[in-house]
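Residue strings, one per chain:
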Amino acid sequence: MNPKYRYLYLSVGAIGLILLCYQIISNLPEVDPVRVLLIAVPDMLFVFLAYKTYPPEPESKNGRSFSHRKVSNY
């Protein structure tokens, strides 16, 4: 995905989650779960899109994306 949209996705997702918290706190005695889901799902989508814009981790020589040290039990 294009990394130039990373900050846009992050800011839209963060603003949406802040507004979600505000909605929950302002309607605290009677929280409507359907309304919470309708607000939270697009916010999670934008946070996921921001995650997908990060570059992949470089592969190591052995084909794994992380390296392990061999640890002895002795």
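Residues numbered from 1 in each chain as written. Predicted model: local features only at pLDDT ≥ 70, side-chain atom pairs only at ≥ 80, totals over all residues. Heavy atoms only, no water.

S.K.: I keep staring at the overall build of the chain and nothing clicks. Help me out?
M.R.: Helix and strand counts for the chain come out as two helices and zero strands. The proportion of buried residues among the 74 residues of the chain is 14%. When the accessible surface of the chain is totalled, it reaches about 6700 Å², and 66% of it is carbon and sulfur. (Helix = DSSP H or I, 4+ residues; strand = E, 2+ residues; numbered from the N terminus. Buried < 20%, exposed > 50% of the residue type's maximum accessible area, 1.4 Å probe, protein only. Areas by Shrake-Rupley, 256 points an atom, 1.4 Å probe, with all protein chains shown as cover.)

S.K.: When you look at helix α2 (residues 33-52) in this model, what are you seeing that I'm missing?
M.R.: Helical geometry note: an α-helix holds 3.6 residues per turn, so side chains three or four residues apart project in the same direction. Under the 1.5 Å per step criterion, the end-to-end length of α2 is 28 Å for 20 residues, consistent within 8% with the ideal 28 Å. Restricting attention to buried positions, one finds in α2 the residues Ala-40, Asp-43, Leu-49 and Ala-50. For α2, the elements touching its buried residues are α1 (6-26). (Expected span 1.5 Å × (residues − 1). Contact = heavy atoms within 4.5 Å.)

S.K.: Which parts of the structure should I look at to understand a nonpolar patch on the surface?
M.R.: Residues Tyr-5, Leu-8 and Val-12 make up a contiguous nonpolar surface patch of roughly 250 Å² in combined accessible area. Considering the arrangement of structural elements, one finds Leu-8 in helix α1. Take Leu-8: its relative accessible area is 47%, and that puts it in the partly exposed class. (Patch = residues over 30% accessible without salt bridge, like charges linked within 9 Å, V, L, I, M, F, W, Y side chains within 5 Å. Salt bridge = Lys/Arg side-chain N within 4 Å of Asp/Glu carboxyl O.)

S.K.: Before we go on, may I ask you to explain the environment of Pro-3 in this structure?
M.R.: Looking at where Pro-3 falls in the secondary structure, it is placed in the segment before α1. For Pro-3, a relative accessible area of 44% puts it in the partly exposed group.

S.K.: Sorry, what's going on with the packing of aromatic side chains here?
M.R.: Each aromatic ring pair is described using two quantities: the centre-to-centre distance and the angle formed by the ring planes. One pass over the full model with this rule turns up three aromatic pairs. Taking 6.4 Å as the distance between ring centres and 40° as the angle between the ring planes, the aromatic pair formed by Phe-48 and Tyr-51 counts as tilted. Placement of both Phe-48 and Tyr-51 in helix α2 is noted, with a separation of three residues, approximately one turn of the helix. You can call Phe-48 partly exposed: its relative accessible area is 44%. Residue class for Tyr-51 comes out exposed when judged on its relative accessible area of 59%. Every member of this aromatic cluster is reached through a ring pair, and the members are Tyr-5, Tyr-9 and Phe-46. Above the plane of the ring of Tyr-54 lies Arg-6, whose end atom (NZ or CZ) is 4.3 Å from the centre. (Phe/Tyr/Trp six-rings, centres within 6.5 Å; stacked < 30°, edge-to-face > 60°. Lys NZ or Arg CZ within 6 Å of the ring centre and 35° of its normal.)

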